Amino acid sequence: MSDIIHLLPDSVANQIAAGEVVQRPASAVKELMENALDAGSTIIKLIVKDAGKTLIQVIDNGCGMSETDARMSFERHATSKISKAADLFAIRTMGFRGEALASIAAIAQVELKTKRIGDEIGVKINIEGSEIKSQEACMTAEGTSFSIKNLFYNIPARRNFLKNDSIELRHIIDEFQRVAIPNSHIAFSLHSNTTEIFHLEAGSLKQRLMAIFGNSYNTRLVPVEENTGIVKIKGFVIKPEFAKKTRGEQFFFLNKRFIKNPYLHHAVQSAFEQLLPTDSYASYFLLLDVDPKTIDINIHPTKTEVKFEDEKAIYAFLRSAVKKSLGQFNIAPSIDFNQEASLYNMPLKPVDGVFKQPTIKVDPNFNPFKTDSPPNYTPSDRELSNRSNWEKMYSRHTDNQLEFEIKKEEETQQTINTDWDHELHESNKKLTYQLHNKYILSHIKTGFMVIDQQGAHERILYEGVLETFEKHKSTTQQELFPKTIELTTTDFALMKELENEIKEIGFDIVEFGKNTYVIHGVPADTVGYESVALLEGLIENYKQNFQELKSNKRENLARGMARSMSIKSGKVLSQEEMNNLIDELFACKMPYSTPNGKPTITTFSIEELDKRFRK
Ligand code: ADP
Ligand code: MG
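> Would you mind going over the packing of helix α14 (residues 453-471) against helix α18 (residues 575-586) with me for this structure?
Helix packing geometry: the angle between the two helix axes and the distance between the axes. Look at α14 against α18: their axes get within 9 Å of each other, and the N-to-C directions meet at 50°. Looking at the two axes, α14 sits oblique to α18. Crossing of α14 over α18 shows left-handed handedness. When α14 is examined against α18, the residues Q453, A456, H457, R459 and I460 are found in contact with a partner set consisting of L581, E584 and L585.

Here it is in structure tokens:
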């Protein structure tokens, strides 16, 4: 038998490697933009057509390449950035693996035009499926332009796997932002088909964030700055009252490289401690700078995961830096600065290897989200008779093995029924107790039931909105003072897509220039809510549901409305409010679960309790 092992041709090896580096157009965008940064550019332009599926072009004014380098740049493991293993521990450039261009050229049609600063003439190379098609001298500007055409043209399975344009474009915008935020001294622009989505002038980090996320960020950002022996921290956190319900604006940059790190996220999130409403995420844009010796960025091909030598120390520093900022800007109540400051005098590595968490004095009753006029959660035009609904609810429950029954029904079978008995029953029926401002306990014949107040309210609101859609019967309350809502570019696009449906719910909104809408009216049911926050919540929740559930527009909007309007865990409810909530819940078509399928009610039987006590 002859030997069977042979080396793969370069084009195949490159295609395999490309699978790791280039998953979608956005990955190519990232690699090309990072190369432009490494080339020392001050202006970087990104152009995409059809969400990068047809064209991705990055034009920079960086150092450019010689003819030989231009040719070499497409070879695998060809890089100008490191030359020996030791260099791996001193990396300050974005790239160093020398595989991006080889990978991209294996799976697309690439045109490179480049000219070094001072050279008379540049070079143009066309390469396709790792094969050089042409190379010639050309007139071109100083710097480099890479055009990637028809990504995955030779791997139909990969191409078919790509998502629709709006999703792929969102990924591209994400990558673009991840490069643009930490490099605010560089000008960037992004063109998609015929529109310029971003035009970012060189400036400060704050200016950059405002240019990307909107001018409203001017008042939302709280600066964070701290220099310690092992890490320099700089950037901004978003004031807690603007926290989002979904993840999205959590940006860590390590030596200007975007990274994901749940451990450090926890450090920031916990610095916000009681300032955030439950189920909200802290938003932040934090640049960490460490000695490259102390990290390993080579554990992941796209370099978004990084290993730190001093992860615990960085955690502690980060947490205290954020706390200090929140305190200094009067956002957190009375922080004990002396205690915080002592952190900075800590030895780099404590003897026991364990960093103690700084303590913080807070007023446990402080709630920045408390408003003077709590929203009235009862939808106005749902006519429900308490008595009949309770009765309905119990007969319905007997059908569904949840055997609830009110005393009333039991008692009607009794012959003696004094007024006093009747009253006792009435008070029992309506006797509810709120547990930890989160759950409602209510007496039922066979034991007791526990209702999740937020989930229950979400169900009620959800069915209400769906009914509005069905019956076209929204009522709009005009705002005395129209408000404007400024959105990020992606959210604005989404809002446009949903505009008709949002109007059907009862919002009167009108597009108003770049990334802005004016709110002239709100659904009558939502009077008392802050309209901007409500719409923002709606969009946020819509995005989240969309990712998780992929349900249709209206249903998703109903979920989003329900989410952003619902009374939250933590809200104190009066007896009357609890009773109304229960009545409304049992008037729903599907009272037992939230729109997202989580239970709203659970029951405990007397037998279960008996068992616990009498072994
Ligand atoms: P890496 O960035 O890891 O070095 P790449 O495959 O991305 O690997 O690029 C290979 C080489 O091509 C780089 O090391 C650099 O010398 C050169 N190069 C790539 N893009 C540019 C550019 N925009 N301007 C100048 N040189 C570039
Ligand atoms: Mg590179």
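> Looking at this structure, I do not really get a nonpolar patch on the surface. What am I missing?
Where nonpolar side chains cluster on the molecular surface, the patch consists of L8, V12 and I16 and spans about 260 Å² of accessible area. When you line up the elements, L8 lands in the segment before α1 (10-21). Given a relative accessible area of 45%, L8 falls into the partly exposed group.

> Just checking my understanding: could you explain the packing of aromatic side chains for this structure?
Each pair of aromatic rings is reported with the distance of its centres and the angle of its planes. Throughout the structure, instances matching the rule amount to 14 aromatic pairs. Aromatic pair F251 and F258: ring centres 6.0 Å apart, planes at 65°, arrangement edge-to-face. On the basis of relative accessibility, which here comes to 5%, the residue F251 falls in the buried class. A relative accessible area of 9% places F258 in the buried class. Both rings, one in F253 and one in F258, keep their centres 6.0 Å apart while their planes meet at 65°; by these two values the pair is edge-to-face. Residue F253 is classed as buried on the basis of its relative accessible area of 0%.

> What should I look at first to understand the site of ligand 1 in this one?
Near ligand 1 lie 19 residues; those nearest to it are N35, T79, S80, K81 and G98. Between ligand 1 and the protein, one listed contact pairs an oxygen atom with a side-chain N or O atom of N35 at 2.8 Å. Backbone polar atom of L101 to an oxygen atom of ligand 1: 3.0 Å apart, as the coordinates give it. Across the complex, the protein chains shield 93% of the 530 Å² of accessible surface that ligand 1 would expose by itself. For the shell around ligand 1, the elements supplying multiple residues, two or more each, are α4 (100-106) and β6 (143-149). Residues of the shell around ligand 1, tallied by class, amount to seven nonpolar, eight polar and four charged.

> Looking at this model, I keep getting lost on the pairing of strand β3 (residues 109-115). Mind explaining?
Residues in a regular strand point their side chains to alternate faces of the sheet. Summarising burial for β3: five of the seven residues are buried, a large majority. The sheet contact formed by β3 and strand β4 (residues 122-128) spans six bridges and is antiparallel. Residue Q109 lies in a different strand from β4, and its bridge partner there is E128. In sequence, β3 turns back onto β4 through a hairpin of six residues, with G118 there showing a positive phi of about 95°. Sheet analysis places β3 next to β6, joined by seven bridges and oriented antiparallel. Across the sheet, residue E111 finds its bridge partner in β6, namely S147.

> For this particular structure, what's the right way to read empty space enclosed by the protein?
One way to see where empty space is left: roll a probe the size of a water molecule over the atoms. If you walk through the whole model with that rule in mind, you get eight cavities of 30 Å³ or more. Of the voids in this model, the largest cavity is the one considered here, and its volume is about 100 Å³. What lines the largest cavity is F213, S216, Y217, R220, K244, E486, L487, T488, D491, E536, I539 and E540. By residue number, the principal contributor to the lining of the largest cavity is helix α16 (residues 531-549), which donates three residues. Looking at the lining of the largest cavity residue by residue, the class counts come to four nonpolar, two polar and six charged. Residue-level mapping places the lining of the largest cavity at the junction of two domains, with at least three residues from each of domain 2 (207-331) and domain 3 (439-603). In this structure, the second largest cavity spans a volume of roughly 80 Å³. Split by residue class, the lining of the second largest cavity holds three nonpolar, two polar and seven charged.

> What is the right way to read the packing of α14 against helix α17 (residues 553-565) from this model?
Contact pair α14 / α17: the axes reach a minimum separation of 8 Å and the direction vectors enclose 140°. Viewed along their axes, α14 and α17 adopt a mutual orientation that is oblique. Classified by chirality, the crossing of α17 by α14 is right-handed. Contact residues: Q454, H457, E458, L461, Y462, V465, L466 and F469 in α14; R554, E555, L557, A558, R559, M561, A562, R563 and M565 in α17. Across the contact of α14 with α17, the residue classes tally to 10 nonpolar, two polar and five charged.

> Whenever I open this one, the nonpolar core confuses me. Can you help?
When a protein is soluble and globular, its nonpolar side chains tend to lie buried together. Counting 64 residues, the largest nonpolar core has L46, F74, V110, F176, I181, F188 and F285 as the members making the most contacts within it. Ranked by the residues each element gives to this core, the list is headed by helix α2 (residues 25-38), at seven residues. Shared between two domains, this core takes at least three residues from each, and those domains are domain 1 (10-203) and domain 2 (207-331). Ignoring anything within four residues of it in the chain, the contact list for F285 reads I181, L209, F213, Y217, L221, K234, G235, F236, I238, E249 and F251. Of all hydrophobic cores here, the second largest spans 36 residues; its members include I230, V237, L254 and L275.

> Explain the sheet that holds strand β10 (residues 232-238) to me, please; I cannot follow it from the model alone.
Backbone-to-backbone hydrogen bonds pair the strands of a sheet. The strands run either parallel or antiparallel. Within the open sheet, the five strands sit side by side as β9-β10-β13-β11-β12. Their pairing is mixed. Strands at the two margins of the open sheet, each flanked by one partner only, are β9 (221-227) and β12 (257-259). Averaged over all neighbouring strand pairs, the angle between strand axes comes to 20°, with direction disregarded. Relative to β12, strand β11 (residues 250-254) is paired through three bridges, and the arrangement is antiparallel. Counted as the bridge partner of F253 is F258 from β12. Together, β9, β10, β11 and β13 (284-289) form the strand contacts of helix α7 (residues 205-213), whose direction differs from that of β10 by roughly 35°. Sitting on the sheet, helix α9 (residues 311-328) is in contact with β9, β10, β11 and β13, with an inclination near 135° to β9.

> Looking at this structure, I do not really get the sheet that holds strand β20 (residues 508-511). What am I missing?
The three strands are arranged β19-β21-β20 in an open sheet whose pairing can be described as antiparallel. Pairing within the sheet leaves two strands with one partner each, and these edge strands are β19 (476-486) and β20. Between one strand axis and the next, the sheet turns through 20° on average, direction left out of account. In this structure, β20 lies alongside strand β21 (residues 516-523), joined through four bridges in antiparallel fashion. What sits directly across from I509, in β21, is I519.

Calculation rules
- Residues numbered from 1 in each chain as written.
- Chains lettered and ligands numbered in written order.
- Predicted model: local features only at pLDDT ≥ 70, side-chain atom pairs only at ≥ 80, totals over all residues.
- Heavy atoms only, no water.
- Axes fitted to C-alpha atoms, helices over the stretch in contact; angles between N-to-C directions.
- Helix = DSSP H or I, 4+ residues; strand = E, 2+ residues; numbered from the N terminus.
- Parallel < 35°, antiparallel > 145°, perpendicular 65-115°, else oblique.
- Left-handed = near helix turned anticlockwise from the far one by under 90°.
- Contact = heavy atoms within 4.5 Å.
- Patch = residues over 30% accessible without salt bridge, like charges linked within 9 Å, V, L, I, M, F, W, Y side chains within 5 Å.
- Areas by Shrake-Rupley, 256 points an atom, 1.4 Å probe, with all protein chains shown as cover.
- Salt bridge = Lys/Arg side-chain N within 4 Å of Asp/Glu carboxyl O.
- Buried < 20%, exposed > 50% of the residue type's maximum accessible area, 1.4 Å probe, protein only.
- Phe/Tyr/Trp six-rings, centres within 6.5 Å; stacked < 30°, edge-to-face > 60°.
- Near = heavy atom within 4 Å.
- Polar contact = N/O pair within 3.5 Å; in protein donor to acceptor, adjacent residues only side chain to side chain.
- Nonpolar A, V, L, I, M, F, W, Y, C, P; charged D, E, K, R; others polar.
- Pairing = 2+ DSSP bridges.
- 1 Å grid on protein atoms, 1.4 Å probe; cavity = no way out; pocket = protein on both sides within 12 Å on 5 of 7 lines; lining within 4 Å.
- Points joined across faces, edges and corners; volume = space filled by probe spheres on them.
- Domains from an automatic or database assignment.
- Core = buried A, V, L, I, M, F, W, Y, C linked by side-chain atoms within 4.5 Å.

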